[in-house]
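Spelled out, the chains give:
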Amino acid sequence: METTLILLKPDTVQRWLIGQIISRFENKGLKIIWMKMMNLSEEIINEHYDFLADKPFFPKIKSYMTSAPVVAMAVSWTNVIKTVRILTWATNPAEALPGSIRWDFALTIDWNVIHASDSEETAQIELKRFFKEWEITNYTKISDETVG
Ligand code: GDP
């Protein structure tokens, strides 16, 4: 089974969308193994978005990501990284598919409601970044038996 990192960004928290977006993962049958609400430090934002540090919109990302807490989640399933990226879809909600999280909930590229790891390698780094204490819960879901 793969595990991915999901962040429900500050607009999700401000707009009472946490439950609706988590429902998308539950409806799909994905297994939530860790979840916490947290305020992001400048340090963690710099690290997480390091690859965008020289972009003109980087200050906007920083003020957005510190404007309210995020909900950080670790979610597991076979091919979960690709599955969650499909559920999430394009960075710019205007280019997302109807039915995807960003199409259905996000307003603009500046406020796009969710982050999801984009590869296995990134997921490993990001999970360690957000869950330093590594307290991933361990439980069996009935559906686990269907995962090869
Ligand atoms: P993602 O994997 O779809 O989240 O997209 P990226 O990894 O390319 O970008 C990370 C985050 O930076 C996005 O989710 C946006 O919050 C932000 N971002 C990316 N491109 C832009 C942009 O052109 N303008 C602004 N304001 N934010 C952007």
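If you're wondering where the values come from, they're calculated on a predicted model, not measured in any experiment.

### Concerning the packing of aromatic side chains
Link 1 in the chain: Taken as a whole, this structure holds three aromatic pairs when the rule is applied.
Link 2 in the chain: Measuring from ring centre to ring centre gives 4.5 Å for W34 and F131, while their planes differ by 40°; the resulting arrangement is tilted. Taken together, the residues W34 in strand β2 (residues 31–38) and F131 in the segment after α7 (120–130) connect sequence positions 97 residues apart. Of the two residues examined, W34 and F131, each falls in the buried class.
Link 3 in the chain: On the numbers, 6.4 Å between centres and 50° between planes, the contact of Y49 with F51 is tilted.
Link 4 in the chain: The exposure class of Y49 is buried, given its relative accessible area of 7%.
Link 5 in the chain: You can call F51 exposed: its relative accessible area is 60%.
Link 6 in the chain: The positively charged end of K31 is found above the aromatic ring belonging to Y139, 4.8 Å away from the centroid.

### Some thoughts on the packing of helix α2 (residues 18–28) against helix α5 (residues 80–88)
Link 1 in the chain: Contact pair α2 / α5: the axes reach a minimum separation of 11 Å and the direction vectors enclose 135°. When the interaxial angle is binned, α2 and α5 end up oblique. For the pair α2 and α5, the crossing hand works out as right-handed. Where α2 abuts α5, its residues R24, F25 and K28 lie against T83, V84 and L87.
Link 2 in the chain: Of the residues assigned to the contact of α2 with α5, the class counts are three nonpolar, one polar and two charged.

### What about the side chain of T4?
Link 1 in the chain: Looking at the element boundaries, T4 is found in strand β1 (residues 2–8).
Link 2 in the chain: Accessibility expressed as a relative area gives 0% for T4, which makes it buried.
Link 3 in the chain: Excluding residues within four positions of it along the chain, T4 makes contact with M73, A74, V75, V80, I81, V84, S117, A123 and L127.

### Observations regarding the pairing of β1
On a regular strand, each side chain points to the face opposite its neighbour's, so the side chains alternate between the two faces of the sheet.
Link 1 in the chain: Of all seven residues that make up β1, seven are buried, and the element is covered over most of its length.
Link 2 in the chain: Every second residue of β1 is oriented toward a common face, with E2, T4, I6 and L8 on one face and T3, L5 and L7 on the other, all of them buried.
Link 3 in the chain: One ladder, built from seven bridges, connects β1 with strand β3 (residues 70–77); its direction is antiparallel. Bridge assignment links L8 to a residue of β3, and that residue is V71.

### Notes on the site of the ligand
Link 1 in the chain: As a matter of local geometry, the ligand sits amid 13 residues, with R85, T91, R102, D110 and N112 nearest to it.
Link 2 in the chain: The contact in question runs from an oxygen atom of the ligand to an N or O atom on the side chain of R85, over 2.9 Å.
Link 3 in the chain: Taking N112, its side chain carries an N or O atom lying 2.8 Å from an oxygen atom of the ligand.
Link 4 in the chain: If the ligand stood free it would expose 550 Å²; the protein chains cover 82% of that surface.
Link 5 in the chain: Looking at the shell around the ligand residue by residue, the class counts come to six nonpolar, two polar and five charged.

Criteria and thresholds
Residues numbered from 1 in each chain as written. Predicted model: local features only at pLDDT ≥ 70, side-chain atom pairs only at ≥ 80, totals over all residues. Heavy atoms only, no water. Phe/Tyr/Trp six-rings, centres within 6.5 Å; stacked < 30°, edge-to-face > 60°. Helix = DSSP H or I, 4+ residues; strand = E, 2+ residues; numbered from the N terminus. Buried < 20%, exposed > 50% of the residue type's maximum accessible area, 1.4 Å probe, protein only. Lys NZ or Arg CZ within 6 Å of the ring centre and 35° of its normal. Axes fitted to C-alpha atoms, helices over the stretch in contact; angles between N-to-C directions. Parallel < 35°, antiparallel > 145°, perpendicular 65-115°, else oblique. Left-handed = near helix turned anticlockwise from the far one by under 90°. Contact = heavy atoms within 4.5 Å. Nonpolar A, V, L, I, M, F, W, Y, C, P; charged D, E, K, R; others polar. Pairing = 2+ DSSP bridges. Near = heavy atom within 4 Å. Polar contact = N/O pair within 3.5 Å; in protein donor to acceptor, adjacent residues only side chain to side chain. Areas by Shrake-Rupley, 256 points an atom, 1.4 Å probe, with all protein chains shown as cover.

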